[in-house]
Amino acid sequence: MSHVLGRLVAVTLDCPDPHELAEFYRHVLGGQLRASNEDFVVLICDGTTRLDFQRVSHHRPSQWPDCETLNAHLDITVDDLDHAEQQLSALGAVPATVQPDATRFRVLIDPAGHPFCIATSAAASTPPTAPEHEK
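The model shown is predicted, which means the values in this text are computed figures rather than measured ones. (Residues numbered from 1 in each chain as written. Predicted model: local features only at pLDDT ≥ 70, side-chain atom pairs only at ≥ 80, totals over all residues. Heavy atoms only, no water.)

Digging into the sheet that holds strand β6 (residues 94–95)
Pairing is mixed across the open sheet formed by four strands, whose spatial order is β5-β8-β7-β6. Both outer strands of the open sheet, β5 (74–77) and β6, are each paired with one neighbouring strand and no more. In this structure, β6 lies alongside strand β7 (residues 105–109), joined through two bridges in antiparallel fashion. Its bridge partner being in β7, V94 is matched across the sheet by I109. Packed onto the sheet, helix α1 (residues 18–29) meets β5 and β8 (115–119) and runs at close to 30° relative to β5. (Pairing = 2+ DSSP bridges. Helix = DSSP H or I, 4+ residues; strand = E, 2+ residues; numbered from the N terminus. Contact = heavy atoms within 4.5 Å. Axes fitted to C-alpha atoms, helices over the stretch in contact; angles between N-to-C directions.)

What follows is the structure in structure tokens.
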């Protein structure tokens, strides 16, 4: 791709309480919180990566693994799956009932109902080749 039209600034999660969900992810990822108002909170991770949280009054959580309601999810690498799952559960995450490959990654549900994955570095590594249409 030779012509870039823009750059990704942030990923925004819709939720019923942006402050609560931003605090949950701050405990998971670290970083600093910024708020422009009670309906919108920004979490800045690693100094540049932005995860935004936006209040939606009629938010409906995704239903994992129902692909008709699941639009996106976050992948987070961790050193120890069991330890991370225990810590995340203490923060309010809930393990999903369906776990496709629990030895490599775990699916959890955040306090607002968004599925997210914790994964080993090997499971989260970037594939070594480009998709066929990019070659």
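Focus: unusual backbone geometry
Backbone phi values are negative for most residues with the exception of glycine, while trans is the configuration of most peptide bonds. Phi at D46 takes a positive value of approximately 55°, unusual for a residue other than glycine. Residue placement: D46 occurs in the loop between β3 (40–45) and β4 (49–55).

Topic: the sheet that holds β4
Pairing within the open sheet is mixed, and its four strands lie in the order β1-β4-β3-β2. The strands lining the two open edges of the sheet, one partner per strand, are β1 (11–15) and β2 (32–37). The average undirected angle you get between the axes of adjacent strands in this sheet is 20°. Where β3 lies against β4, six bridges are found, and the strand directions are antiparallel. Residue pairing across strands places V42 opposite D52, the latter belonging to β4.

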